[in-house]
Amino acid sequence: MEFHTKSSEETIELGEKIGAALKPGDILAFYGELGSGKTTMIKGIALGLGVKEEDIVKSPSFIMVNEYKGQSPIFHIDLYRVKNLGEVLSIGFDDYLYGNGVCLIEWAEKAENELPQNTIKVELTTLSFQERKITISGLTGF
Ligand SMILES: Nc1ncnc2c1ncn2[C@@H]1O[C@H](COP(=O)(O)OP(=O)(O)OP(=O)(O)O)[C@@H](O)[C@H]1O
Ligand SMILES: [Mg+2]
């Protein structure tokens, strides 16, 4: 599936619709350069999963994992700062993957080989200042 958004608000709205279609145990891997909108879209997904707006922090930044409470636990994992797979595993990555929450992973390419086959992949491309192409594969029931 391919989408085009023309503002961060549109990306949040798309995220909300996707979030509403997710189930506990779903894993979403986000790919895309700095500023392509991964965190923005994850905010929408968290909203769609029932997380209150005021509970959403902008980005995990120094902490690599933020947990939100929606209909199920939501683990927002940002691997930007990790250097190697050992560091990824040291945060308990597999426990998040195979726990009962929804996992939303930024810079997922840093843990590519750990991702199960049923991972839903979301690729964001910056087309212009405000335009993004968002390609989603592996999502059913949407
Ligand atoms: N259509 C759009 N969709 C998403 N964000 C947009 C869009 N147009 C403009 N933006 C802006 O682009 C920026 C996206 O930032 P965001 O933190 O979501 O990116 P990111 O991919 O998570 O970056 P990083 O790799 O640094 O974590 C925000 O400042 C947002 O307002
Ligand atoms: Mg981000």
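Structural data are supplied above this passage.
Residues numbered from 1 in each chain as written. Chains lettered and ligands numbered in written order. Predicted model: local features only at pLDDT ≥ 70, side-chain atom pairs only at ≥ 80, totals over all residues. Heavy atoms only, no water.

Participant: What's the story with the site of ligand 1 in this structure? I'm lost.
Facilitator: Close to ligand 1 lie 17 residues, the nearest being Thr11, Lys38, Thr39, Thr40 and Gln130. One nitrogen or oxygen atom from the side chain of Arg132 is found 3.1 Å from an oxygen atom belonging to ligand 1. When isolated, ligand 1 has an accessible area of 640 Å², and the protein chains bury 76% of it. Looking at the shell around ligand 1, the elements that each hand over two or more residues are helix H1 (8–20) and helix H2 (38–48). (Near = heavy atom within 4 Å. Polar contact = N/O pair within 3.5 Å; in protein donor to acceptor, adjacent residues only side chain to side chain. Areas by Shrake-Rupley, 256 points an atom, 1.4 Å probe, with all protein chains shown as cover. Helix = DSSP H or I, 4+ residues; strand = E, 2+ residues; numbered from the N terminus.)

Participant: Help me understand the coordination of the magnesium ion (ligand 2), please; the structure alone is not making it clear to me.
Facilitator: For a metal with four donors in a tetrahedral arrangement, the ideal angle between donors is 109.5 degrees, while six donors in an octahedron ideally sit at 90 or 180 degrees. Within the first shell, the magnesium ion (ligand 2) binds the protein through Thr39 (OG1) and Glu106 (OE), at distances of 2.0 to 2.2 Å. One end of the pair, Thr39, is in helix H2; the other, Glu106, is in strand E5 (residues 102–106), and 67 residues separate them in sequence. (Donors = N, O, S within 2.8 Å, 3.2 Å for Na, K, Ca; no water.)

Participant: Sorry if this is basic, but what is going on with the sheet that holds E5 here?
Facilitator: Paired through their backbone hydrogen bonds, the strands of a sheet run either parallel or antiparallel. If you trace the seven strands from one edge of the open sheet to the other, you get E1-E7-E6-E2-E5-E4-E3, paired in mixed fashion. Two strands close off the open sheet at either side, each with one partner strand: strand E1 (2–5) and strand E3 (65–69). Across this sheet, the average inter-strand angle for adjacent strands is 20°, counted without regard to direction. Where strand E2 (residues 27–31) and E5 come together, four bridges link them in parallel fashion. Paired with Leu28 across the two strands is Leu104, which belongs to E5. (Pairing = 2+ DSSP bridges. Axes fitted to C-alpha atoms, helices over the stretch in contact; angles between N-to-C directions.)

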